[in-house]
Amino acid sequence: MTSVNIDVARTYFQAVQTGDMAALGELLDADIVWHQPGANRFSGEHKGQGAVFQMLGSMMEASQGTFAIDKIHALMANGDLVTATIHFAGRRGDASMSMDGVDLLRIENGRITEMWLFSADPAAEDAFWG
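Presented here is an overview of the structure given in this document.

Scoring rules and cut-offs
- For every chain, the first residue of its written sequence is number 1, and the numbers climb from 1 along that sequence.
- Totals for whole chains, interfaces and linings use all residues, but because this is a predicted model, local features are given only for residues with pLDDT of at least 70 and pairs of side-chain atoms are given and counted only at 80 or more.
- Note that water and hydrogens are dropped before the side-chain values are worked out from all heavy atoms of the structure.
- Only DSSP runs of H or I covering at least 4 residues are called helices, and only runs of E covering at least 2 are called strands; the numbering of each starts at the N terminus.
- We take the radius of gyration over the C-alpha atoms and set the globule estimate at 2.2 Å times the residue count to the 0.38 power.
- Here's how the labels work: a residue is buried when its accessible area is under 20% of the maximum for its type, exposed when over 50%, partly exposed in between, all with a 1.4 Å probe on protein chains only.
- Only heavy atoms matter for contacts: two residues are in contact if any of them lie within 4.5 Å across the pair.
- Expected helix span is computed as 1.5 Å times (number of residues minus one).
- As used here, the arc is the angular range of directions from the helix axis to the C-beta atoms.
- We define a salt bridge as a contact between a side-chain nitrogen of Lys or Arg and a carboxyl oxygen of Asp or Glu at a distance within 4 Å.

Now for the overall build of the protein. Per the secondary structure count, the protein includes four helices and six strands. Ordered by position in the sequence, the α and β elements of the protein form the string α-α-β-β-α-β-β-β-β-α. At 14 Å, the protein has a C-alpha radius of gyration in line with the 14 Å of a compact globule built from 130 residues. Considered along the principal axes of its C-alpha atoms, the protein spans approximately 45 × 30 × 25 Å. In the protein, which comprises 130 residues, the share counted as buried stands at 41%. If you take every contact in the protein between residues at least 6 apart in sequence, the share linking residues at least 24 apart comes to 47%.

A word on helix α3 (residues 49–62). Counted at 1.5 Å a residue, the expected span for α3 with its 14 residues is 20 Å, and the 20 Å between its end C-alpha atoms agrees. Those residues of α3 not exposed but buried are Gln-49, Val-52, Met-55, Met-59 and Ala-62. Taken end-on, α3 shows its buried residues confined to a sector of 160°, consistent with a single buried face. Exposed and oriented more than 90 degrees from the buried face of α3 are Gly-50, Gln-54 and Glu-61.

Residues spaced three or four apart along an α-helix face the same direction, because each turn holds 3.6 residues. Taken together, the buried positions of helix α4 (residues 122–129) are Glu-125, Asp-126, Phe-128 and Trp-129. One side of α4 holds all its buried residues, which, seen down the axis, span an arc of 160°. Of the exposed residues in α4, those oriented more than 90 degrees away from the buried face are Ala-123 and Ala-127.

Attention now goes to the pattern of salt bridges. Scanning the model with the defined rule gives five salt bridges in all. Note that Glu-45 and Lys-47 form a salt bridge whose closest N and O atoms lie 3.3 Å from each other. A salt bridge links Arg-106 to Glu-114, with the nearest nitrogen and oxygen atoms 3.7 Å apart. In this structure Arg-106 comes out as partly exposed when scored by relative accessible area, which is 23%. Several salt bridges share partner residues, and in doing so they unite Asp-80, Arg-106 and Glu-114 into one network.

Below, the structure written as structure tokens:
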């Protein structure tokens, strides 16, 4: 099961990197619970696929389409949990952010049911998103 869950996570990150919303729709459970870190307009718990897609779309709009996970360093699994060490970045006018992070995915029956995100520099991320 661990290797299957790593494959699901790998497919998820490929979909995020290529903007494949159809694939994301297949991978995110309809009732997903997404835990966005920080103290900014996107922070908090987002419940349901619609709420997650709305948040991600707003992040792309706020970053003028530049927000991206540009590197996946490692994927590791333990049962239904998969963690990914990543690097992400975004620009908006003269503002920018670029940092490492960790994404923790709970995967059940081939779908992502819960997601926790961690940022290396929460203050910088909060300043970027506002």
